[in-house]
Amino acid sequence: SKHGWRGRLLVAYSSSVLLGAAHVILQQRPNTATSVAWEAENPHAWRGFLQDIFVAPGASGKGIGRALMSRVFAECQEAGLPEVAWFCLSENASAMSFYGGLGFTPSAATVWNYSEMYDTTS
């Protein structure tokens, strides 16, 4: 895209049956003198964003999610992105368990809802 982003849809299937999918957005790193200087001061600024990951109910617990996450990380590494970020509601116990099982721990983040950002009553 003109903004330096490109998306990848990664799918897992067997015998033409969809088992799972992940959508990752890859940020393209500009190669200009300004961006190189900025990157030196902000080494973790470039990252991939996991938009969604889905595993079909019948495929749960069979390593599909792990395989998709492995491919997400590989895509980011191939794009030269040192980090992957995603959001997960803390109330989503199965997702939190899945990410925890991969060795991740949640970090603090503030997420603003639309209604909190703008006064929609006037």
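Structural notes, computed from the coordinates. (Residues numbered from 1 in each chain as written. Predicted model: local features only at pLDDT ≥ 70, side-chain atom pairs only at ≥ 80, totals over all residues. Heavy atoms only, no water.)

1. Quick look at the pattern of salt bridges
- For the structure shown, the criterion picks out three salt bridges.
- A salt bridge links Glu75 to Arg8, with the nearest nitrogen and oxygen atoms 3.4 Å apart. Here Glu75, found in helix H2 (residues 64–78), pairs with Arg8, found in strand S1 (residues 5–14); they are 67 residues apart in sequence, far enough to count as distant.
- The class for Arg8 is partly exposed, based on a relative accessible area of 34%.
- For Glu78, the salt bridge is made with Arg71, and the minimal N-O distance between the two is 3.6 Å.
- Since its relative accessible area comes to 58%, Glu78 is described here as exposed. (Salt bridge = Lys/Arg side-chain N within 4 Å of Asp/Glu carboxyl O. Helix = DSSP H or I, 4+ residues; strand = E, 2+ residues; numbered from the N terminus. Buried < 20%, exposed > 50% of the residue type's maximum accessible area, 1.4 Å probe, protein only.)

2. Side note on the packing of aromatic side chains
- Per the counting criterion, the structure on display carries four aromatic pairs.
- Here the aromatic rings of Phe73 and Phe104 are separated by 5.8 Å at their centres, their planes lie at 40°, and the arrangement is tilted. Note that Phe73 is positioned in helix H2 and Phe104 in the loop between helix H3 (93–101) and helix H4 (114–117), a separation of 31 residues in sequence.
- Judged by its relative accessible area of 34%, Phe104 falls in the partly exposed class. (Phe/Tyr/Trp six-rings, centres within 6.5 Å; stacked < 30°, edge-to-face > 60°.)

3. Some points on the pairing of strand S3 (residues 47–55)
- Across seven bridges, strand S2 (residues 17–27) lies against S3 in antiparallel orientation. For His23, the partnering residue across the bridge sits in S3 and is Asp52.
- In this sheet, strand S4 (residues 83–85) lies alongside S3 in parallel orientation, the contact comprising three bridges. Across the sheet, Gly48 pairs through a bridge with Val84, a residue of S4.
- Handedness of the β-α-β unit built from S3, H2 and S4 comes out right-handed. (Pairing = 2+ DSSP bridges. Right-handed = clockwise from strand over helix to strand, strands pointing away.)

4. A look at the packing of H2 against H3
- Contact pair H2 / H3: the axes reach a minimum separation of 11 Å and the direction vectors enclose 60°. Taken as a pair, H2 and H3 cross one another with a handedness that is right-handed. Packed against H2, whose contacting residues are Gly65, Arg66 and Met69, the element H3 presents Phe98, Tyr99 and Gly101 at the interface.
- Tallied by class, residues from the contact of H2 with H3 come to three nonpolar, two polar and one charged. (Axes fitted to C-alpha atoms, helices over the stretch in contact; angles between N-to-C directions. Left-handed = near helix turned anticlockwise from the far one by under 90°. Contact = heavy atoms within 4.5 Å. Nonpolar A, V, L, I, M, F, W, Y, C, P; charged D, E, K, R; others polar.)

5. Observations regarding the environment of Met96
- Of note, Met96 is situated in helix H3.
- Met96 sits 10 residues away from Pro106 along the chain, and the two C-alpha atoms are 8.4 Å apart.
- Beyond its immediate stretch of four places on either side in the chain, Met96 contacts Cys88, Leu89, Ser90 and Pro106.

6. What about unusual backbone geometry?
- With phi around 50°, Ser15 is a residue other than glycine that occupies positive phi space.
- Examined against the element boundaries, Ser15 turns out to sit in the loop between S1 and S2.
- Judged by its relative accessible area of 68%, Ser15 falls in the exposed class.
- Positive phi outside glycine occurs at Ser16, with the angle close to 65°.
- Position of Ser16 among the secondary structure elements: in the loop between S1 and S2.
- The exposed category is assigned to Ser16, whose relative accessible area is 71%.

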